[in-house]
Amino acid sequence: MNIPKLRLRPAEPARRGAGPNISTDDFAALLGGLEGGIRRFHTGEEVTGYVVRVEPEIAYLDLGGKSEGMLALTPEGARGAAGEGKAGEEGPKRPAVGDRVTAYVVAIHGEQVRLAYKIGRSKDNIDQLVQAHEGDIPVTGRVVAVNKGGYEIDLGGARGFCPHSQMDLHFVEKPEIWLERELEFRISEIREGGRNIVLSRRALLEEEEAKKREQTLVHLREGAILPGKITNLRPFGAFVDLGGIEGLVHVSELSHERVEDPAQLVQLGQEVQVQVLAIEDGGRRISLSMKSLLADPWTDVEERFPVGTRLPGKVVRLQPFGAFVQLAPGVDGLIHVSALSPGRRISHPKDVVKEGQTLEVVITAVDEARQRISLELADSSPLTAAGGGPTLEVGAQLTGIVDRVEKFGVFVKLAPGVTGLIPRSELDVPADREPRNLFPKGSEVQVKLIEVDEARNRYTLSRRSLREDEERSSMQGFLASSGSGGGEGAGMGTLGDLLRAKLQQRKG
């Protein structure tokens, strides 16, 4: 089998290191179009070759298979190379010998092939426009007018028309934004000798989207982190273009904060990073998140908001059971309805506070695992006293209100913002009795403070210790009175009587 070789003309001999570097893919592409040693082309085909000679207005390309391409280098023939030609420029940079160039076939004469980067911006170009239509070659034009039906496009000596629906992938609210801009189009129709040319920019955009979609599908999977652009905002979330594929960031996934309106956080056209949460319906429904890529505001919340901290907060929402107050973005605390108005009963938090109001609050409890923070109004909390905490000492006898009962003990509220625990072993009740029945919520109870852990804001209480103190006090009182009135025998007899009486009292 005779395999044709790329030719370099003698007029421009190849220099060491300057010749074309043919990859395996390039070589396979060259062989693919060969038929009997001659490569066949068709109008509109996109081809790639290597520059073998450059003249003032033409560059000659070796296309393989004994075929040679002639690429016009004049502004009219060269303007519009993808990503290079712009309004007011003279087209792409002149190629040099050995450069790899991609262009379109606009005409074929034997083994000689006429090439162009793009069609458009040349005078007397009707023939080229016809060829562009037949070969699906993009054309370049300038938007010169907007009317009810669409846009008038100057194709460099010819006039074309692009309907509104064919200008973009989405509805354009302000059509005038395209005026005086040079854009690429696909010719949909060309009639009456070029006097009636219908264009579509959307066709090209859809082709680009299809290519992007294929590339995006390679990386699309649950958990993947991808770049995207905000394309649409709705009350329930933001749509993001991932590259030919669109997904939705639900309003709850925009931020750790509560977001009422997505437009308050993001805007159209904004570049964002998102994480894929779910892919459903064969890729037609994609759920995304921006929140998952942000730091969790509840991390180390116990250290950042220790019990006893006084700070301002904004009321962000009201519920029948209390008012939620924002302490930091994504961190809300709750003032229970019972703590909103000490001294009087209210039916709903809205009776005393309103959303958006700023309050001075004190943190009374933090549960990082359950993401809960309990608050009280600063003016009613004893934690706002000097030193920022209660002045309670071990051994103090206190009266409190039962807050809740657990298997391991009973929580007793000693004062607003101060709650202690009576462990099960310190309740001083028979083992077969249920504490929940003996200590109903809201009931008053007498306790003794037996341990204080100020660093962790923990107060350990005891009823057993309180009873023992009372018995010890009674015994000491009896001994004191016995010692002053008689001998040892009488004293012991009286003590025995006292102990029997106490025993009978406990049995009763």
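For the structure, see preceding data.
Residues numbered from 1 in each chain as written. Predicted model: local features only at pLDDT ≥ 70, side-chain atom pairs only at ≥ 80, totals over all residues. Heavy atoms only, no water.

## Remarks on the overall build of the protein chain
Looking only at helices and strands, the protein chain features 9 helices and 28 strands. The buried share among the 508 residues of the protein chain stands at 37%. Nonlocal contacts in the protein chain, meaning residues at least 24 apart in sequence, comprise 56% of its contacts between residues at least 6 apart. Accessible surface computed for the protein chain: about 29400 Å², of which carbon and sulfur atoms make up 48%. (Helix = DSSP H or I, 4+ residues; strand = E, 2+ residues; numbered from the N terminus. Buried < 20%, exposed > 50% of the residue type's maximum accessible area, 1.4 Å probe, protein only. Contact = heavy atoms within 4.5 Å. Areas by Shrake-Rupley, 256 points an atom, 1.4 Å probe, with all protein chains shown as cover.)

## Concerning the layout of surface pockets
Roughly 1100 Å³ of internal volume is contained in the second largest pocket. Lining the second largest pocket are 31 residues; nearest its centre among them are D168, L169, H170, I230 and T231. Residue assignment for the lining of the second largest pocket shows that the elements contributing at least two residues are α4 (202–219) and β14 (225–234). Tallied by class, residues from the lining of the second largest pocket come to 12 nonpolar, 7 polar and 12 charged. (1 Å grid on protein atoms, 1.4 Å probe; cavity = no way out; pocket = protein on both sides within 12 Å on 5 of 7 lines; lining within 4 Å. Points joined across faces, edges and corners; volume = space filled by probe spheres on them. Nonpolar A, V, L, I, M, F, W, Y, C, P; charged D, E, K, R; others polar.)

## Looking at the nonpolar core
With 23 residues, the main nonpolar core has F305, L327, I335, I373 and L375 as its most contacted residues. Listing elements by their share of this core, those giving two or more residues are β19 (310–319), β20 (322–328), β21 (331–336), α6 (337–340), β22 (358–367) and β23 (372–377). Ranked by residues supplied to this core, first place goes to β20 with 4 residues. F305 has contacts with L311, L327, A328, V331, I363 and V366, leaving out every residue within four places of it along the chain. (Core = buried A, V, L, I, M, F, W, Y, C linked by side-chain atoms within 4.5 Å.)

## Considerations on the pairing of strand β25 (residues 409–415)
Counting buried positions along β25 yields 5 of 7 residues, so the element is predominantly enclosed. Counting the residues in the hairpin turn of strand β24 (residues 397–406) and β25 gives 2 residues. (Pairing = 2+ DSSP bridges.)

## Focus on the packing of aromatic side chains
One pass over the full model with this rule turns up 3 aromatic pairs. On the numbers, 6.1 Å between centres and 85° between planes, the contact of F236 with F239 is edge-to-face. By relative accessible area, F236 is classed as partly exposed at 36%. The exposure class assigned to F239 is partly exposed, which follows from its relative accessible area of 21%. Ring geometry for F321 against F324: centres 6.0 Å apart, planes inclined by 85°, an arrangement best described as edge-to-face. Residue F321 is classed as partly exposed on the basis of its relative accessible area, which comes to 41%. The lysine or arginine in question, R53, covers the ring of Y60, its NZ or CZ lying 4.1 Å from the ring centre. Note that R317 overlies the ring of F324, its terminal NZ or CZ placed 4.1 Å from the centroid. (Phe/Tyr/Trp six-rings, centres within 6.5 Å; stacked < 30°, edge-to-face > 60°. Lys NZ or Arg CZ within 6 Å of the ring centre and 35° of its normal.)

## Notes on the pattern of salt bridges
For the coordinates displayed, the defined rule picks out 22 salt bridges. One salt bridge connects D367 with R370, and the closest N-O pair in it is separated by 3.9 Å. Between D469 and R472 there is a salt bridge whose closest N-O contact spans 3.0 Å. Residue D469 and its partner R472 are both found in helix α8 (residues 464–483); the two are separated by 3 residues, about one turn of the helix. (Salt bridge = Lys/Arg side-chain N within 4 Å of Asp/Glu carboxyl O.)

## As for the pairing of strand β18 (residues 285–289)
Across 2 bridges, strand β16 (residues 246–250) lies against β18 in parallel orientation. Following the sheet pairing, V249 is matched in β18 by L288. Pairing of strand β17 (residues 271–280) with β18, which is carried by 5 bridges, proceeds in the antiparallel orientation. Across the sheet, the residue bridging to E280 is R285, located in β18.

## Brief notes about the sheet that holds β14
The 5 strands lie next to each other as β14-β15-β16-β18-β17, forming a closed barrel whose pairing is mixed. This sheet shows a mean twist of 50° between the axes of neighbouring strands, independent of strand direction. Alignment of strand β15 (residues 237–241) against β16, held across 5 bridges, turns out to be antiparallel. Note on β16: the bridge partner recorded for A238 is V249. (Axes fitted to C-alpha atoms, helices over the stretch in contact; angles between N-to-C directions.)

## Let's talk about the sheet that holds β21
Reading around the circumference, β19-β20-β21-β23-β22 is the order of the 5 strands in this closed barrel, with mixed pairing throughout. Between one strand axis and the next, the sheet turns by 50° as a mean value, whatever way the strands run. Summarising the sheet, β21 and β23 pair through 2 bridges and their orientation is parallel. When the bridges of β23 are listed, L334 appears paired with S374.

## Points about α4
Relative to the 26 Å expected for 18 residues at 1.5 Å per residue, α4 spans 26 Å between its end C-alpha atoms, a close match to the ideal helical length. Residues L204, L205, E209 and T216 constitute the buried set of α4. The buried side chains of α4 occupy one side of the element, clustering within an arc of 130° when seen end-on. Among the exposed residues of α4, those oriented more than 90 degrees off its buried face are K211, E214 and V218. (Expected span 1.5 Å × (residues − 1). Arc of directions from axis to C-beta.)

## Remarks on the environment of P435
Of note, P435 is situated in helix α7 (residues 435–438). Overall, the relative accessible area of 6% leaves P435 in the buried class. Put simply, P435 and E406 are 29 residues apart on the chain and 8.5 Å apart in space, counted from C-alpha to C-alpha. Residues within four places of P435 in sequence aside, it is in contact with V405, R424 and L427.

Such coordinate-based values are descriptive only and should not be taken to indicate function.
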